[in-house]
Amino acid sequence: MKTIVIKCGGSVLDELSPAFFEALHSLIDDGYKPVIVHGGGPAINAMLDLYKIESKFHNGLRITSEETMEVVEMVLSGKTNRQLVGLLEKNGLNAIGINGSDGKCLLADYINKDQLGLVGRVTMVNSFLIQKMIDENLVPVITPIASAKDGFRLNINADYAAAAVAKALNADRCLFVTNVDGILVDGELVKETSVTEIQNYIEAGHIYGGMIPKVESAISVLNKGIEQVMIVSGKNAFYQNGEWAGTAISDKERILK
Ligand SMILES: Nc1ncnc2c1ncn2[C@@H]1O[C@H](COP(=O)(O)OP(=O)(O)O)[C@@H](O)[C@H]1O
Ligand SMILES: CC(=O)N[C@@H](CCC(=O)OP(=O)(O)O)C(=O)O
C-alpha cells in the first residue's frame, strides 16, 4: 500500500476538472491511498468581506482574532470541506470530511500569539485515526484547523498542515494541487527542480506569495525523507498512465551525497 497526501488549494476548489478526479481514480487503481488536506483562503476572504472584517496577513499567514477564527472555521469546515467531499462523492470516491480538531487529528502550538493570534504550527498528527479511515477505504478530507493545549482551535496554513500529515504518515508521495501547472519561471513550467534551485528562485523573485508556503512545505517533507513531492494543477490530469504532470521537487544535492 502506498499513501499519497494531497493538498488541495482553495485557489482551485471551484475549478477542479473531471480530469483531476480521473487522475485520482488512476492513482487508486495503481495502489495509492489518498489523504486530502484542503485549503480555502479565497472563500475565507470573501466571507470576511461579507462580515466587513478586514483580511490581514503577516508573512502569508492570516492574522486570526477570535472573531476571524469563527469565520475561518465556518468557511473551512462548513463550506470548502463540504464542497470537496461532495465533489469526491459525485465523482465516485468514498470521502469522509474531518475537521483537524476532531479526535485530536491535528494538535498545534501557537506560532506567535501576540503577532498572529489564533494561528498554529502542527505539533502532532493522529496518524492512527487517519490510518483507520484509510483502512476502511475512505478518503479522509482534513480541514486545516488544530486543537491547542489551552482548548482553543488554531488556524493552520493548509500547505503546512498537509506537510505535517505527510510526514506523520510517512507518505510515499506528497502533492500540492493548485491553480497553476507547477512552478513557473518566466511563464515556463519547471518540470524538475531542487532545493537549491528553489532557494535561488525565491531570491530572484521568481517564486513569491502563495507559492512560498508550498515550496517551504515541499522542502520540509523532503527533509523528512519523502522523496516524491510535486506541485500540480487541479485544472487538468496531473497523473495519467503512470505519468505525472507538474513540477517534481527533489533534494538532488542530498541524493548525490
Ligand atoms: N513561480 C511561481 N510559479 C507559479 N505560481 C506562482 C509562482 N510564484 C508565485 N505564484 C503564485 O502562487 C499561486 C498559488 O498559490 P495560492 O494562491 O496560495 O494557491 P492555493 O490556494 O492553491 O494554495 C499562483 O496562482 C501564483 O499566483
Ligand atoms: C494561518 C492561515 O493563513 N490559514 C489559512 C488556512 C486556509 C488555507 O491555507 O487555504 P489555501 O491553501 O487556499 O491558501 C487561511 O486562513 O487562509
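Residues numbered from 1 in each chain as written. Chains lettered and ligands numbered in written order. Predicted model: local features only at pLDDT ≥ 70, side-chain atom pairs only at ≥ 80, totals over all residues.

Per an unreviewed UniProt entry, the protein chain is named Acetylglutamate kinase, and its organism is Mesobacillus persicus. Its UniProt record gives the protein chain the following Pathway (unreviewed entry) comment, quoted word for word: "Amino-acid biosynthesis; L-arginine biosynthesis; N(2)-acetyl-L-ornithine from L-glutamate: step 2/4." Turning to the protein chain, the UniProt record has this under Function (unreviewed entry): "Catalyzes the ATP-dependent phosphorylation of N-acetyl-L-glutamate." (UniProt positions renumbered as here; feature names shortened; annotations may be inferred.)

Enquirer: Whenever I open this one, the site of ligand 2 confuses me. Can you help?
Expert: The environment of ligand 2 is formed by 16 residues, the closest being Gly 10, Gly 39, Gly 41, Arg 62 and Ala 158. For the shell around ligand 2, the secondary structure elements donating two or more residues are helix 2 (41-50) and strand 4 (61-62). A breakdown of the residues in the shell around ligand 2 according to their chemical character gives seven nonpolar, eight polar and one charged. (Near = placed C-beta within 6 Å. Helix = DSSP H or I, 4+ residues; strand = E, 2+ residues; numbered from the N terminus. Nonpolar A, V, L, I, M, F, W, Y, C, P; charged D, E, K, R; others polar.)

Enquirer: It is not clear to me how the site of ligand 1 should be interpreted in this structure. Could you clarify?
Expert: Taken together, 17 residues lie near ligand 1, and Gly 9, Ser 11, Thr 178, Gly 210 and Met 211 sit nearest. Looking at side-chain class alone, the shell around ligand 1 contains seven nonpolar, 10 polar and no charged residues.

Enquirer: What exactly am I supposed to notice about the UniProt feature "domain: Aspartate/glutamate/uridylate kinase" (unreviewed entry) in the protein chain here?
Expert: Per the UniProt annotation, the sites labelled "domain: Aspartate/glutamate/uridylate kinase" (unreviewed entry) are residues 2-233. End-to-end, the C-alpha atoms of residues 2-233 are 21 Å apart, and along that stretch the chain is 41% helix and 28% strand.

Enquirer: Mind showing me how you'd approach the sheet that holds strand 14 (residues 192-194) here?
Expert: Within a sheet, adjacent strands bond to each other through the backbone by hydrogen bonds, running parallel or antiparallel. With mixed pairing, eight strands are arranged side by side in an open sheet as 5-8-2-1-11-15-18-14. Lying at the two open borders of the sheet, with one neighbouring strand each, are strand 5 (95-99) and strand 14. Between one strand and the next, the sheet's axes are offset by a mean angle of 25 degrees, whatever the strand orientation. As paired elements, strand 1 (residues 2-8) and strand 11 (residues 173-178) share five bridges and run parallel to each other. Its bridge partner lying in strand 11, Ile 4 is registered against Arg 173. (Pairing = 2+ DSSP bridges. Axes fitted to C-alpha atoms, helices over the stretch in contact; angles between N-to-C directions.)

Enquirer: Explain the nonpolar core to me, please; I cannot follow it from the model alone.
Expert: As a rule of thumb, soluble globular proteins bury nonpolar side chains together. Membership of the largest hydrophobic core comes to 73 residues, with the highest contact counts inside it found for Val 5, Ala 161, Val 165, Ala 166 and Cys 174. If you tally residues by element for this core, the top one is helix 6 (residues 158-169), at nine residues. When near neighbours in sequence (up to four residues on either side) are disregarded, Ala 161 contacts Val 37, Gly 100, Leu 106, Val 122, Pro 144 and Ile 156. (Core = buried A, V, L, I, M, F, W, Y, C linked by C-beta atoms within 7 Å. Buried ≥ 20, exposed ≤ 12 C-beta atoms within 10 Å, placed from the backbone. Contact = placed C-beta atoms within 7 Å.)

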